[in-house]
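What the coordinates show
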Amino acid sequence: MRQISADAEAAAVRALKDLKPELTELLKDLIRVNTVSIPPDGNETPGQLVFQKFFRQHGLRSELYDTEFVAKSKNPWSRRQRNYKGRKNLVVRVAGSGGGHSLLLSGHMDTVPTDLAGWKHSPWEPSLSRGRMSGLGTFDMKGGMVAQVAVLVALKRAGIRLKGDLLFESVVDEEWGGGNGTLAGRMRGDNADACVIAEGTQMEIYRATRGSFVVDLLVQAGSEKDYFSSGEVVSPAIPLGRLLGWVDSWVQRRKTVKARGAYKDFADAAPVQVLAVEANRMENLLPLSVPLRAGIRVYFQTLPHEDVDALISQIEASLRRFERQDSFFRKYPVKWSPLLESPLLGHELSASHAWTRCMVKSVETVMGSATLTAAPYPCDAFLMQRGYNIPTLVFGPCGGGAHNPNEYVEMKSLFQSAEAMLAAALDWCGA
Ligand SMILES: [Zn+2]
């Protein structure tokens, strides 16, 4: 049931259209600030200040707050080995007139680090060409957050007060399997009846996300003294090939996992990937020598319904079996070193949930059709939904190059995603 008048909706859409030049400038300003996070540190606060200034210019009050308290908490998903000093979340709450659902628009301010060599221009210099804005974090996810901010500002400009509260937050520490920024908002009580996270989704609606477990498998063998000696030169380099074979057995095994729900039609629903293989480097700074240390970083993605702890135990037990059957690894066991203190979990919201239906209808109104599917990546959505019972979707603009050089967002779709979220806010919160 639609509670909003057609006039109010038209006024809000007009206000949004008028805002386009300012939103473009806002995105450029966000690109210009380096908000890279490299664990254990992160530099998000300068980006939050850009948002704060923009909100102030539009008569909206935002609040910056410390996130350090989460690392000291007993929350099972808290990251305790990172530094949060000076890393602030930003939140805006537009109080509703009462009687409607509340809605949280959420995004993360941190970007991944980047390899400068691959960029056509500085990653922190916005470049707009043929409708594409490129710069570090444009697609993941400063562009999506600008679209969310646009919803609050357009409503303010159009003089529309929703019935339910509308919240926007920009959190720290989401990349690198973080989550304390997201948890900080939840633990503070900035919660709502529904949430949308503005990761880049190519305008598709993701009602599910996968979990992730990353483990480093490290082997140390041999001695510096062996090389140039008449004794046997021991090195983990060749045995590492057999260890990769063990990883491949898991790639094959996970291909047979029966996916259901939102992941039912995915070709490789529970992928296993090798993120890094490390031994000596092929560079002239290093003398010709055999490596004494070697390692593989393996990335297991998990489905929302899976028992992740049980799966991890199975994987480790299988590694130990492999080890016992290999004379080299019997002597030089593999060090099992999970990258994160706790794995990320998946989440799934039903296709028939009222919030899912609201977003689908809103995207259809703007785009003519809507695609409802699942995310090909993990994110912080599970913290919202599984941790705090907030029905959560992921929705954002079109773009490319996330976690790679020359990342970009399509400006047209950024504005379209803003329009869709505006329609959803009007419908969900009521006016
Ligand atoms: Zn992201």
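Each value, and the rule that gives it
Residues numbered from 1 in each chain as written. Predicted model: local features only at pLDDT ≥ 70, side-chain atom pairs only at ≥ 80, totals over all residues. Heavy atoms only, no water. Buried < 20%, exposed > 50% of the residue type's maximum accessible area, 1.4 Å probe, protein only. Helix = DSSP H or I, 4+ residues; strand = E, 2+ residues; numbered from the N terminus. Salt bridge = Lys/Arg side-chain N within 4 Å of Asp/Glu carboxyl O. Axes fitted to C-alpha atoms, helices over the stretch in contact; angles between N-to-C directions. Parallel < 35°, antiparallel > 145°, perpendicular 65-115°, else oblique. Left-handed = near helix turned anticlockwise from the far one by under 90°. Contact = heavy atoms within 4.5 Å. Nonpolar A, V, L, I, M, F, W, Y, C, P; charged D, E, K, R; others polar. Phe/Tyr/Trp six-rings, centres within 6.5 Å; stacked < 30°, edge-to-face > 60°. Lys NZ or Arg CZ within 6 Å of the ring centre and 35° of its normal. Pairing = 2+ DSSP bridges. Donors = N, O, S within 2.8 Å, 3.2 Å for Na, K, Ca; no water. Tetrahedral: all angles 85-135°; square planar, octahedral: opposite > 155°, others 65-115°. Domains from an automatic or database assignment. Buried area = accessible area lost by both parts, 1.4 Å probe. Polar contact = N/O pair within 3.5 Å; in protein donor to acceptor, adjacent residues only side chain to side chain.

All of the buried residues along helix H11 (residues 381–388) are Ala381, Phe382, Leu383, Met384 and Gln385. A positive backbone phi angle near 55 degrees is found at Asn389, which sits one or two residues after H11.

Moving on, we get to the pattern of salt bridges. Inspection of the entire model under this criterion finds 22 salt bridges. We note a salt bridge from Glu22 to Arg157, for which the minimum N-O separation is 2.9 Å. Here Glu22, found in helix H2 (residues 20–32), pairs with Arg157, found in helix H5 (residues 138–157); they are 135 residues apart in sequence, far enough to count as distant. Looking at Glu22, the relative accessible area reads 29%, which means it is partly exposed. A salt bridge links Asp29 to Arg32; the nearest nitrogen and oxygen atoms lie 3.0 Å apart. Of this pair, Asp29 and Arg32 both sit in helix H2, three residues apart, which is roughly one turn of that helix. Arg32 gets classed as partly exposed once you look at its relative accessible area, which sits at 41%.

Axis separation between H2 and helix H12 (residues 411–429) bottoms out at 12 Å; the angle between their running directions is 115 degrees. By the angle class used here, H2 and H12 are roughly perpendicular. When the axes of H2 and H12 are compared, the crossing they make is right-handed. Contact residues: Lys20, Leu23, Thr24 and Leu27 in H2; Met411, Leu414 and Phe415 in H12. Taken together, the residues that form the contact of H2 with H12 break down as five nonpolar, one polar and one charged.

On to the packing of aromatic side chains. Taken as a whole and judged by the stated rule, the model has 13 aromatic pairs. Measuring from ring centre to ring centre gives 6.2 Å for Trp250 and Phe300, while their planes differ by 80 degrees; the resulting arrangement is edge-to-face. Linking Trp250 in helix H7 (residues 237–255) with Phe300 in strand E14 (residues 293–302), this pair joins segments that are 50 residues apart in sequence. Arg188 extends its terminal NZ or CZ atom over the ring of Tyr65, reaching a point 3.9 Å from the ring centre.

In this section: the sheet that holds strand E18 (residues 392–395). Reading across from one edge, E3-E4-E8-E5-E9-E18-E10-E17 is the order of the eight strands in this open sheet, with mixed pairing throughout. On the outer flanks of this sheet lie strand E3 (62–66) and strand E17 (372–373), each paired with one strand and no other. Sheet topology places strand E10 (residues 205–206) next to E18; two bridges connect them, and they run antiparallel. Counterpart to Ile205 in the pairing with E18 is Phe395. Strand contacts of H5: strand E4 (88–94), strand E5 (103–108), strand E8 (166–171) and strand E9 (195–197), with the helix running at about 150 degrees to E5, the strand carrying the most contacts. Each of E5, E9, E10, E17 and E18 is contacted by helix H10 (residues 354–367), which is oriented at about 25 degrees to E18, the strand it contacts most.

Below, the discussion takes up the pairing of E5. Within a regular strand, side chains alternate between the sheet's two faces. Where burial is concerned, most of E5 is hidden: six out of the six residues are buried. Of the two faces of E5, the one carrying Leu103, Leu105 and Gly107 and the one carrying Leu104, Ser106 and His108 are both buried. Relative to E9, E5 runs parallel, the two sharing three bridges. What sits directly across from Leu105, in E9, is Val196.

Ideal geometry at a metal centre gives angles of 109.5 degrees when four donors are arranged tetrahedrally and 90 or 180 degrees when six donors are arranged octahedrally. Protein ligation of the zinc ion involves His108 (NE2), Asp140 (OD), Glu199 (OE) and Glu199 (OE), the donor distances falling in the range 1.8 to 2.6 Å. Here the zinc ion binds four donor atoms, and the angle range of 53 to 144 degrees at the metal identifies the geometry as irregular. Between consecutive donor residues of the zinc ion, the sequence gaps follow H-x31-D-x58-E. Here Glu199 lies in the loop between E9 and E10 and Asp140 lies in helix H5, a separation of 59 residues in the sequence. There is no split in this pair, since Asp140 and Glu199 are both buried.

So, about the domain arrangement of the protein. Accessible area lost during the coming together of the parts is what is often quoted as the interface size. Assigned domains within the protein: domain 1 (6–209 + 346–429) and domain 2 (211–338). Residue-level contacts link 13 residues of domain 1 with nine residues of domain 2. Summing both sides of the interface, domain 1 and domain 2 together bury roughly 870 Å²; the carbon and sulfur share of this comes to 53%. Seen at the junction of domain 1 and domain 2, the total is zero salt bridges. Seen at the junction of domain 1 and domain 2, the total is four residue pairs in polar contact (both at pLDDT 80 or more). A breakdown of the residues in the side of domain 1 that touches domain 2 according to their chemical character gives six nonpolar, four polar and three charged.

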